[in-house]
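Okay, here's what each chain looks like letter by letter:
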Amino acid sequence: GLRPTISFILGRTCSLREALTVGKFSFMLLLRTYGSVWVSRHWGRIVNSVVTLDFSRLRGLVSEFAGATLLLSLLNALLKYYNASLRLQVREKITRWCHEMYMRPGEMVYYKANKVGDDRIQNCDHRISSDVECFAQ
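### Brief notes about unusual backbone geometry
What is expected of a backbone is that most residues other than glycine have negative phi and most peptide bonds are trans. Positive phi, normally seen in glycine, also occurs at Leu53, with a value near 60°. Looking at the secondary structure, you find Leu53 in the loop between helix H2 (16–51) and helix H3 (55–102).

Below, the structure written as structure tokens:
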């Protein structure tokens, strides 16, 4: 089934560090969703106070909105940070795996890929680096 397959893949590729980063990222996404709902409701209250000409209420609502905007900008910065962190962690994990496969002792994969025969791979190291970078984006 699908669940055992996903569990196998995540168990092989995801360590506690990546799982914690995904958890933090998910929590920040939930907070941003809540923040978006709050902003739309609050904006409705602001419009209502403008229409009813209740300027004392409007002053308080705009002050609340300004404070919330600062918190939401911090939340967006944290989302960007966790997204970049997760991308970097995945890139590091894939790079280590590629190096382990490429530099296996006793099999001389590196030597065969770069030095032997007519089918050798040009710029093998660079190709691995650029492919991992593209994949981890």
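### Here we look at H3
Over its 48 residues, H3 runs 69 Å from end to end, which matches the ideal 70 Å to within 8%, given 1.5 Å per residue. Those residues of H3 not exposed but buried are Leu58, Leu61, Ala68, Leu75, Leu79, Tyr82, Ser85, Leu86, Gln89, Cys98 and Tyr102.

### Remarks on the confidence of the model for the protein
Across the protein, the average pLDDT comes to 82, with 82% of residues at or above 70. For the protein, helix H4 (residues 109–115) is the element with the lowest average pLDDT, namely 66, and H2 is the one with the highest, namely 91.

### Here's the deal with the packing of H2 against H3
At a closest axis distance of 9 Å, the pairing of H2 and H3 adopts a crossing angle of 160°. As summarised for this structure, H2 and H3 are arranged roughly antiparallel, according to the angle between their axes. Helix-helix and strand crossings are classified by hand; for H2 and H3 the assignment is left-handed. Here the residues of the contact of H2 with H3 are counted per class, giving 20 nonpolar, nine polar and nine charged.

### A few points about the packing of aromatic side chains
Across all of its chains, the model carries two aromatic pairs by this definition. Seen from their ring centres, Trp43 and Phe65 are 5.7 Å apart, and the 50° between their planes marks the pair as tilted. Taken as a pair, Trp43 in helix H2 and Phe65 in helix H3 lie far apart in primary sequence, 22 residues in all. Note on Tyr81 and Tyr82: the rings are 5.3 Å apart at their centroids and 65° apart in plane angle, and the pair reads as edge-to-face. Classification of Tyr81 by relative accessible area gives exposed; the value is 52%. A residue is classified by how much of its surface remains accessible, and Tyr82, at 15% relative accessible area, is buried.

What counts, and at which threshold
Residues numbered from 1 in each chain as written. Predicted model: local features only at pLDDT ≥ 70, side-chain atom pairs only at ≥ 80, totals over all residues. Heavy atoms only, no water. Helix = DSSP H or I, 4+ residues; strand = E, 2+ residues; numbered from the N terminus. Expected span 1.5 Å × (residues − 1). Buried < 20%, exposed > 50% of the residue type's maximum accessible area, 1.4 Å probe, protein only. pLDDT = per-residue confidence, 0-100. Axes fitted to C-alpha atoms, helices over the stretch in contact; angles between N-to-C directions. Parallel < 35°, antiparallel > 145°, perpendicular 65-115°, else oblique. Left-handed = near helix turned anticlockwise from the far one by under 90°. Nonpolar A, V, L, I, M, F, W, Y, C, P; charged D, E, K, R; others polar. Phe/Tyr/Trp six-rings, centres within 6.5 Å; stacked < 30°, edge-to-face > 60°.

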